[in-house]
Amino acid sequence: LNSNSFEEKKETDFPYYIKLLLANDTKKAYQELRNVSPCYKGLENEAVQIAYNFADFGAFAKALEWSKCGVDVPVEKRMEWYFETNQLKELKKVYKEHLSKNPKDYKIKNHMATLMLYSSDVLGAAEIVMGMPLNKVDSNILKAIDREVKEMDLKQQTTFYKLYIELLEPSTTKEIVS
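Residues numbered from 1 in each chain as written. Predicted model: local features only at pLDDT ≥ 70, side-chain atom pairs only at ≥ 80, totals over all residues. Heavy atoms only, no water.

Could you clarify how one ought to interpret the packing of aromatic side chains in this entry?
Given two aromatic rings, their pairing is described by the distance between the two centres and the angle made by the two planes. Scanning all chains against the criterion turns up seven aromatic pairs. Their ring planes at 35° and their centres at 6.1 Å tell us that F14 and Y17 sit as a pair that is tilted. Remark: Y17 and F14 occur in helix α2 (residues 14–24); sequence separation between them is three residues, near one turn of the helix. F14 sits in the buried class, given a relative accessible area of 14%. Feature note: the residues F14, Y17 and Y40 constitute an aromatic cluster, connected by ring pairs. (Phe/Tyr/Trp six-rings, centres within 6.5 Å; stacked < 30°, edge-to-face > 60°. Helix = DSSP H or I, 4+ residues; strand = E, 2+ residues; numbered from the N terminus. Buried < 20%, exposed > 50% of the residue type's maximum accessible area, 1.4 Å probe, protein only.)

In structure tokens, the structure reads:
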């Protein structure tokens, strides 16, 4: 298509125009789609790609809107986007819904524990980890929990120790007890 007929497509066949942009110029596609309603007629099959495109440009709220167009965006991505938009209530809802159907999805449990740590919810992360076989827990999460506990004041450390002693390094438990 020459540039005149390409721009003409914007007026005559907007979905086709967007499909071309998604394939050839994601930044322009992002700009063109910013004010387009999610699930725009004719773009339903591109909704996943559009959601990812918005996320690539940091527009996580828009990514979430497009991810709800009856398409299958991986739960891990939706969780990240809810986290990025500080919609922790929705994040927890999506997580619980997923686990109700997939109770042994340790990858998602590890991912949620990581997100909890990012939001400084060490107890929330520990609670998730305690519900998993230790050999399924990402070792980096255990190290991060241990580091976070070392930074707590003594009262918080003691509370954590009573609830989640199994998650702490022996050297850390020794410091708390002494």
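Structure shown, so let's carry the discussion forward.
Explain the pattern of salt bridges here, please?
Opposite charge on two side chains lets them pair, provided their charged atoms get close. Summed over all chains, the structure comprises seven salt bridges. Between K19 and E46 there is a salt bridge, and its shortest N-O distance comes to 3.9 Å. Of this pair, K19 sits in helix α2 while E46 sits in the loop between α3 (26–33) and α4 (47–56); the two residues are 27 residues apart in sequence, bridging distant segments of the chain. With relative accessibility at 36%, the residue K19 sits in the partly exposed group. Given a relative accessible area of 15%, E46 falls into the buried group. (Salt bridge = Lys/Arg side-chain N within 4 Å of Asp/Glu carboxyl O.)

Explanation requested: the packing of helix α6 (residues 75–84) against helix α7 (residues 88–101) in the structure shown.
Two measures define how a pair of helices packs: the angle their axes make with one another and the distance between the axes. Where α6 contacts α7, the two axes come as close as 8 Å, and the packing angle between them is 160°. By the criterion of interaxial angle, the relationship of α6 to α7 is roughly antiparallel. Relative to α7, α6 is oriented so that their crossing is left-handed. Together, V75, R78, M79, Y82 and F83 of α6 and L88, E90, L91, V94, Y95 and H98 of α7 make up the contact between the two elements. Of the residues in the contact of α6 with α7, the class split is eight nonpolar, one polar and two charged. (Axes fitted to C-alpha atoms, helices over the stretch in contact; angles between N-to-C directions. Parallel < 35°, antiparallel > 145°, perpendicular 65-115°, else oblique. Left-handed = near helix turned anticlockwise from the far one by under 90°. Contact = heavy atoms within 4.5 Å. Nonpolar A, V, L, I, M, F, W, Y, C, P; charged D, E, K, R; others polar.)

Got a minute to help me understand the side chain of K109 in this structure?
Looking at the element boundaries, K109 is found in helix α8 (residues 106–118). There is no salt bridge for the buried K109, and the closest opposite charge comes from D105, which lies 8.6 Å off by N-O distance. For K109, the residues in contact, after removing those within four places along its chain, are Y95, L99, P103, I128, G131 and M132. (Lys, Arg positive; Asp, Glu negative; His and termini not counted.)

Got a minute to help me understand the nonpolar core in this structure?
Note on soluble globular proteins: their nonpolar side chains tend to be buried together. Within the largest apolar cluster, 57 residues are counted, with the highest numbers of intra-cluster contacts made by W66, M79, I145 and F160. Considering each element in turn, this core owes the most residues, seven residues, to α8. With residues up to four places along the chain from it excluded, the contact list for M79 reads L91, V94, Y95, I108, H111, M112 and L115. (Core = buried A, V, L, I, M, F, W, Y, C linked by side-chain atoms within 4.5 Å.)

Quick question: what am I supposed to make of unusual backbone geometry here?
Backbone geometry follows two general trends: most residues other than glycine have a negative phi, and most peptide bonds adopt the trans configuration. Positive phi values are uncommon outside glycine, yet N86 reaches one of about 60°. Topologically, N86 is positioned in the loop between α6 and α7. Overall, the relative accessible area of 60% leaves N86 in the exposed class.

Help me understand the state of the cysteines, please; the structure alone is not making it clear to me.
Any covalent bond linking the sulfur atoms of two cysteines counts as a disulfide. Taken as a whole, this structure holds one disulfide when the rule is applied. Shown here is the disulfide that connects C39 with C69, its sulfur atoms set 2.1 Å apart. Negative torsions about the S-S bond denote left-handed disulfides, and the value of about -100° found for C39 with C69 makes this one left-handed. Taken as a pair, C39 in the loop between α3 and α4 and C69 in the loop between α5 (60–67) and α6 lie far apart in primary sequence, 30 residues in all. The exposure class assigned to C69 is buried, which follows from its relative accessible area of 13%. (Disulfide = S-S within 2.5 Å.)

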